[in-house]
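# Structure at a glance
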Amino acid sequence: MSIKMICSDIDGTLLQYGRQKLEGEIFDQIRALHDRGILFCPASGRQYTSLRLLFEPVADCCVFLCENGGVLFKDEQCIAENPMPRALAEEIARDMWQNSDGRGEVMLSGQNCAYLMERGLGMLGRIRFIGNRYKVIADPSEIPEEIVKTSVYLHEGVEKYVDRFVPRWQQANAAVAGPFWIDTTTANKGIGVQSLCRVLGIAPDEVMAFGDNFNDVSMLDIVDTPYIMDSAAPALRARYPLHTPRPEDVLRDFLAK
């Protein structure tokens, strides 16, 4: 079956750690895919404002899977949302805040705004850098909308906290999302892709996807053509037979066919 949508994780996959912006080749490829009737979908834990800014030259050629599947956007409109139960989101936020030894900061995500419980450890600078809309709060009860994701930012790295938070919050799909973040959401990238497929009339076996971390597994497991990055953990490289150093290399070959 032919490919009708290509989804890619951003941080650590399309945007290698240490890089701040996307470069020209991927934009040319997204335009070429669009000309063939193939949608490109950035699939990320980032919010819509940040993703649209990152993909500004080709944003009209994309659909956006935001907040790890919690919110989906097309043509500047939210086309689907998968919120967390409110009580669960607040409980997780308070647990992450209180049990990260003073070394963690918490972000709760609405449809297109980040609500920050911060300690001056760097999260606020990171959120400003990637272009998120945000508001600083003292308690999650202040949030006036549905919550789609709750995350902890650990400025010294996630390693010491994986066993503390990930098993405890498996009901909320807790997963490492890069060197400094652990995310929870009752959605995930797989649910987000399924929602997109349902709304857009695309089958999962008509989707190619790229990822590099454990929060990409739900997406990679449901598509027909999953690629894992060469830089991924050994367990992930063993799980998926298709590896690549750069999504652009695969897309170049795909477009040459």
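Before any of the text, the structure's been laid out above.
The structure presented is a predicted model; accordingly, all values stated were derived computationally and were not measured.

## Observations concerning the nonpolar core
Grouped together as the largest cluster of nonpolar side chains are 32 residues, with contacts concentrated most on Ile6, Phe40, Phe55 and Phe64. Those elements that provide at least two residues to this core are helix 1 (24–35), helix 2 (48–54), strand 3 (63–66), strand 4 (71–74), strand 12 (207–211) and helix 9 (247–256). Setting aside anything within four residues of it in sequence, one finds Phe40 in contact with Ile6, Ser8, Leu14, Ile30, Leu33, Phe55, Cys61, Cys62, Val63 and Leu251. Judged by nonpolar contacts, the second largest core, of 25 residues, contains Ile92, Ala93, Tyr115 and Val158.

## Overview of the sheet that holds strand 1 (residues 5–8)
In space, the five strands of this open sheet follow the order 2-1-12-13-14, with parallel pairing throughout. The sheet is open, and its two borders are formed by strand 2 (39–42) and strand 14 (243–244), each paired with just one other strand. In this structure, strand 12 lies alongside strand 13 (residues 225–229), joined through four bridges in parallel fashion. Note that in strand 13 the partner of Met208 across the bridge is Thr225. Strand contacts of helix 6 (residues 189–200): strand 1, strand 2 and strand 12, with the helix running at about 155 degrees to strand 1, the strand carrying the most contacts.

## Focus: the pairing of strand 11 (residues 181–184)
Going residue by residue along strand 11, you find Trp181 and Asp183 tucked away on one face and Ile182 and Thr184 tucked away on the opposite face as well. Across two bridges, the pairing between strand 10 (residues 175–176) and strand 11 is antiparallel. Following the sheet pairing, Ala175 is matched in strand 11 by Asp183. From the end of strand 10 to the start of strand 11, which pair antiparallel, there are four residues, and Gly178 there has a positive phi angle of about 115 degrees.

## What to know about the sheet that holds strand 4
If you trace the three strands from one edge of the open sheet to the other, you get 3-4-5, paired in antiparallel fashion. Bordering the open sheet on either side are strand 3 and strand 5 (77–81), each of which pairs with just one other strand. Adjacent strand axes in the sheet meet at a mean angle of 25 degrees when their direction is disregarded. The pairing of strand 4 with strand 5 spans four bridges and is antiparallel. Across the sheet, the residue bridging to Phe73 is Cys78, located in strand 5. Contacting strand 3, strand 4 and strand 5, helix 6 crosses the sheet at an angle of about 150 degrees to strand 3.

What counts, and where the lines are drawn
- Residues numbered from 1 in each chain as written.
- Predicted model: local features only at pLDDT ≥ 70, side-chain atom pairs only at ≥ 80, totals over all residues.
- Heavy atoms only, no water.
- Core = buried A, V, L, I, M, F, W, Y, C linked by side-chain atoms within 4.5 Å.
- Buried < 20%, exposed > 50% of the residue type's maximum accessible area, 1.4 Å probe, protein only.
- Helix = DSSP H or I, 4+ residues; strand = E, 2+ residues; numbered from the N terminus.
- Contact = heavy atoms within 4.5 Å.
- Pairing = 2+ DSSP bridges.
- Axes fitted to C-alpha atoms, helices over the stretch in contact; angles between N-to-C directions.

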